[in-house]
Amino acid sequence: MNYNDLTRRHFESPANAGMLTGVGIRRGAAGSRAQGTWVQFDVQVAHHRPDRAHEPPTVSAVRFLAFGCPHVIAVADRVSQQAVGKVATAALPEDLKSLRELFAVPVEKLGRLLIVEDAWIAAVSAPS
Amino acid sequence: MSTPAYLDYAATTPVDPRVAALMAECLTQDGVFGNPGSVSHDYGDAAGARVEAARGQVAAAVGAAAADVIWTSGATEANNLALFGTAHHTLAPRGHIVTARTEHKAVLDPCRELERRGWRVTYLKPGRTGILDPAQVAQALAADTVLVSVMHVNNEIGTIQDIAAIARICESHGTARLHVDAAQSMGKCALNFDGMGIDLMSLSAHKAYGPKGVGALVIAHRRGVRLQAMQYGGGQERNLRSGTLATHQVVGMGAAFALAAAAGHDESRRIAQLRDRLWAGLEALGGVLRNGDPAHSVSHLLNVSFADVEGESLLAAVRPYIAVSTGSACTSADREPSYVLRALGRDERLAESSLRFSLGRFSTDADIDVALSAVTRAVQRLRRVAGCATAPAA
């Protein structure tokens, strides 16, 4: 299988592979290793300054673990980078259609991108 | 980046330059370009003499009579001719065939087609190391069994079957002929058609430093083995395989087999040392399983499953550095886990995360260094990204 340059870059040198430690970390995972694809996100949400308590919380750091094909690892890494600084919501920082086009993910692998999305939703929805 | 180290000799081998030089002599006007079937002039006679010399070389290399060697386009055609030719030659409209789940698709797919036509096929399940117990064959034989088809060397895991023992069982049965797919055997282990008591044997040139597009079916005519032809027109090859012979191809196969026979144990010993060094380095990673039976295996092949690593990512990570296979080359396009490893009991994940390293005549210590470096980096990185920490072997 061929991978485009963006996929290869994220796959070969994922910037945010790993886990976060400390308080206030939200963790969620989806998929299973036995089924071939598993993704976990650790999301740190920024604490508010007292004078900005009315604003929604934003993502200050993300780490991920992924057992899967190069596309899964690359997309999870991209999500972990793009989410920082954005409002912590269940929506991916870029939608699946955009991610699929960016990484030239074949149609038969769409289910794997859904696992990345499910892991993200599980993480941001988890109690900190 | 430099060219990846080639470690896929079980898929195909480069043509030995000595073989290529002899083939080139049979192509152009100043060479032996005649039709070997033309008996009315010297050009044909010269080509015919080259073809017969090559037939003798192949026969000598595999312990057969020259008259028993029938040229084909490769081992796949030879397997098809053995299976369909045997089935169609029997007077009964259908019968029974015994084979193994770990055979090459060039045997399994013809068997499935024969099943579609009403034949019964028993697919034996080898033990966890890939070795068939000859007693399994004995138990599977029925009154209407006409053929047992068992490969000599498995193309994915390198295990060597006890062909002589299986041949004795077929012999005592009476009507069951033994067909052996020996595409991976030449130059890798002892192969003796007559001595092992084989009735039909498929050979391939391109697995032994010969050209693609040529192979042979060896037929024990003296033992009364008869086949129905699969193609007609010209009556070449004892009416079993019509068509003008490709002189340069068969000359290449003859030369390649002669060289392989001459190289013998020295080449195997050198390759075994490289393979053992590769295995020692991989084993140190931990979470690494060797597939097959090291005690009954050819020297050039090493099949390894890596725990806690996803198969597609593993191949993608090592591909810039080494050329290896996941399962057989014929099935790697459809990305299915190796059916051979699944038949041996490996789970789907381990079957997917297996790499087949196959070494050859031109493999070097430097190739092994590259492979060890690439696989070590890939496995450690992918395990780290997956959050899996498999401890190295103590």
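1. Some points on empty space enclosed by the protein
All names here are of chain B.
Right, so step 1: In the structure shown here, the tally under the stated rule is three cavities of 30 Å³ or more.
Right, so step 2: The calculated volume of the largest cavity comes to roughly 50 Å³.
Right, so step 3: Around the largest cavity, the lining residues are G187, K188, Y209, E267, S268, I271, S299, H300, L359 and G360.
Right, so step 4: In terms of residue class, the lining of the largest cavity is made up of three nonpolar, five polar and two charged.

2. Points about the pattern of salt bridges
Right, so step 1: Tallied over the entire structure, the rule returns 28 salt bridges over all chains.
Right, so step 2: Put simply, R8(A) and E12(A) hold a salt bridge, and the shortest N to O gap is 2.5 Å. With R8(A) and E12(A) both in helix α1 (residues 5-12), this residue pair falls four residues apart, about one helical turn.
Right, so step 3: A relative accessible area of 36% places E12(A) in the partly exposed class.
Right, so step 4: In this structure, R361(B) engages E267(B) in a salt bridge whose closest nitrogen and oxygen atoms are separated by 2.8 Å. Taken together, the residues span a long stretch of sequence, with R361(B) in the loop between β12 (354-358) and α12 (365-386) and E267(B) in helix α8 (residues 247-283) at a distance of 94 residues.
Right, so step 5: Overall, the relative accessible area of 12% leaves R361(B) in the buried class.
Right, so step 6: Salt bridges linked by common partners bring D16(B), R18(B), E267(B) and R361(B) together as one network.

3. Considerations on the confidence of the model for chain B
Residues and elements named next belong to chain B.
Right, so step 1: Mean pLDDT over chain B works out to 94, with 96% of the residues at or above the 70 mark.
Right, so step 2: Contacts of residues 328-334 to residues separated by more than four positions or lying in other chains number ten contacts, the stretch itself having pLDDT below 50.
Right, so step 3: Scoring the predicted complex yields pTM 0.92 and, for the interface, ipTM 0.93.

Conventions adopted
- For every chain, the first residue of the written sequence is number 1, and numbering continues from 1 along that sequence.
- Both sets of labels track the order of writing: A upward for chains, 1 upward for ligands.
- Reporting of local features is limited, given that this is a predicted model, to residues whose pLDDT is at least 70; pairs of side-chain atoms are given and counted only at 80 or more, and all residues count toward the totals for whole chains, interfaces and linings.
- Only heavy atoms go into the side-chain values, all of them from the structure, while hydrogens and water stay out.
- Two kinds of site are reported from a 1 Å grid over the protein atoms alone, namely cavities, where a 1.4 Å probe fits but cannot get out, and pockets, open sets with protein on both sides within 12 Å along at least five of seven lines, and residues are called lining when an atom falls within 4 Å of a point.
- Grid points are joined across faces, edges and corners, and a volume is the space filled by probe spheres set on the points.
- As a working rule, the residues Ala, Val, Leu, Ile, Met, Phe, Trp, Tyr, Cys and Pro are called nonpolar, Asp, Glu, Lys and Arg charged, and the rest polar, with Gly in that last group.
- Salt bridge, as applied in this entry: a Lys or Arg side-chain nitrogen positioned within 4 Å of an Asp or Glu carboxyl oxygen.
- A run of H or I in DSSP counts as a helix once it spans at least four residues, and a run of E counts as a strand once it spans at least two, with each numbered from the N terminus.
- Exposed residues in this analysis have more than 50% of their type's maximum accessible area, buried residues have under 20%, and partly exposed residues fall in between, with area computed by a 1.4 Å probe over protein chains only.
- Every residue is assigned a pLDDT by the predictor, reflecting its confidence on a scale from 0 to 100.
- Pairs of residues are marked as contacts when any of their non-hydrogen atoms sit within 4.5 Å.

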